[in-house]
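Next come the chains, spelled out residue by residue.
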Amino acid sequence: MADQKSNPLILYTGVAVSVVGVVLSTLLLCKHGFSDLCTSSLGCSIDGVDGCKELGQSSLSKVGPFPIAIFGLLYYAFLTAAFLLQSIRPRGELAALLLYTTIVGLVVDAVLGYINFTQILVPCILCAYTYLITLALFVLALTHKLQSFRSNSPMADVVKESGTPAVAGALLTFILAG
């Protein structure tokens, strides 16, 4: 596929938001995988209870022997690299991959959010922040993909008529409504 038009602001924002995801996932990996090493409850305490540590000590924070946060770290590191690569050399295939990857992230976060807010006595607040990061990355990837359509594309007319905010708003409503 040929090179695509891109909005550098959207892509650089995607890089920055992805880096925040890397930082949060690293902190979660420390709290969930090495709770003796990470003893601070900064950003995690609700009524004096560290929900992040509590989740980290439960079996729900692992897939086999691996803390779920390691997968989050890899996910956000991949998205950081993909947004950065897309900002350097825009490609339609990579724009689609960004969108599909963030959709998978939304689905995974929906499951993890359900567990976090229904199965754990005190929810992990840092985990909830990562859900918001994933949602923001989805909106950025969707906006980028919609803007990258060529003007002669049949979908370009749909985008022009409905607009990116309307599409993103409809998807956000669908996600929040469950």
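In case you missed it, the structure is sitting above this.
Computed from a predicted structure; not experimentally measured.

**Student:** Summarise the overall build of the chain; cite the residues concerned and give the values.
**Tutor:** Looking only at helices and strands, the chain has 7 helices and 4 strands in total. Reading the chain from its N terminus to its C terminus gives the helix and strand order α-β-β-α-β-β-α-α-α-α-α. Looking at the chain alone, contacts between residues at least 24 apart form 73% of all its contacts between residues at least 6 apart.

**Student:** Explain the packing of helix 4 (residues 92-118) against helix 5 (residues 125-147) residue by residue, including any values.
**Tutor:** For the pair helix 4 and helix 5, the least separation of the axes is 8 Å and the interaxial angle reads 155 degrees. Between helix 4 and helix 5, the angle falls in the class roughly antiparallel. Note on packing geometry: the crossing formed by helix 4 with helix 5 is left-handed. Looking at side-chain class alone, the contact of helix 4 with helix 5 contains 16 nonpolar, 8 polar and 2 charged residues.

**Student:** An account of the packing of aromatic side chains is needed here, citing residue identities and associated values.
**Tutor:** This model, assessed by the stated rule, comprises 3 aromatic pairs. Plain terms: the ring middles of Tyr75 and Tyr76 are 5.1 Å apart, the flat faces sit at 75 degrees to each other, and that makes the pair edge-to-face. Comparing Tyr75 with Tyr76 shows no difference in burial state: the two are buried. Relative to Tyr131, the ring of Phe117 has its centre 6.4 Å away and its plane inclined at 70 degrees; by these criteria the two rings are edge-to-face. Of the two residues, Phe117 is situated in helix 4 and Tyr131 in helix 5; the sequence distance between them amounts to 14 residues. On the basis of relative accessible area, Phe117 is assigned to the partly exposed category, the value being 49%. Judged by relative accessible area, which is 15%, Tyr131 ranks as buried.

**Student:** Outline the side chain of Thr102, supporting the account with residue identities and numerical values.
**Tutor:** Note that Thr102 resides in helix 4. Reaching out from Thr102, the side chain makes a polar contact with the backbone oxygen of Leu99 at a distance of 2.8 Å. Apart from the residues within four sequence positions on either side, Thr102 is in contact with Tyr75, Leu79, Thr134, Leu137, Phe138 and Ala141.

**Student:** Tell me about the environment of Ser87, and name the residues and values.
**Tutor:** Summarising the element assignment, Ser87 is placed in helix 3 (residues 68-88). Sequence separation between Ser87 and Leu9 is 78 residues, and the spatial gap between their C-alpha atoms is 9.0 Å.

**Student:** Could you give an account of the nonpolar core, naming the residues involved and the relevant values?
**Tutor:** Counting residues in hydrophobic clusters, the biggest one holds 33 residues, and the most contacted among them are Phe83 and Leu137. Broken down by secondary-structure element, the contributors of at least two residues to this core are helix 1 (8-33), helix 3, helix 4 and helix 5. Ranked by residues supplied to this core, first place goes to helix 5 with 12 residues. Apart from residues no more than four positions distant in its own chain, Leu137 is found in contact with Gly14, Val17, Ser18, Tyr76, Leu79, Phe83 and Thr102.

**Student:** Explain the pattern of salt bridges residue by residue, including any values.
**Tutor:** Counting across every chain of the model gives 1 salt bridge. Where Arg91 meets Glu93, a salt bridge forms, and the shortest distance between an N and an O atom there is 3.7 Å. Overall, the relative accessible area of 39% leaves Glu93 in the partly exposed class.

Rules and cut-offs
- Residues numbered from 1 in each chain as written.
- Predicted model: local features only at pLDDT ≥ 70, side-chain atom pairs only at ≥ 80, totals over all residues.
- Heavy atoms only, no water.
- Helix = DSSP H or I, 4+ residues; strand = E, 2+ residues; numbered from the N terminus.
- Contact = heavy atoms within 4.5 Å.
- Axes fitted to C-alpha atoms, helices over the stretch in contact; angles between N-to-C directions.
- Parallel < 35°, antiparallel > 145°, perpendicular 65-115°, else oblique.
- Left-handed = near helix turned anticlockwise from the far one by under 90°.
- Nonpolar A, V, L, I, M, F, W, Y, C, P; charged D, E, K, R; others polar.
- Phe/Tyr/Trp six-rings, centres within 6.5 Å; stacked < 30°, edge-to-face > 60°.
- Buried < 20%, exposed > 50% of the residue type's maximum accessible area, 1.4 Å probe, protein only.
- Polar contact = N/O pair within 3.5 Å; in protein donor to acceptor, adjacent residues only side chain to side chain.
- Core = buried A, V, L, I, M, F, W, Y, C linked by side-chain atoms within 4.5 Å.
- Salt bridge = Lys/Arg side-chain N within 4 Å of Asp/Glu carboxyl O.

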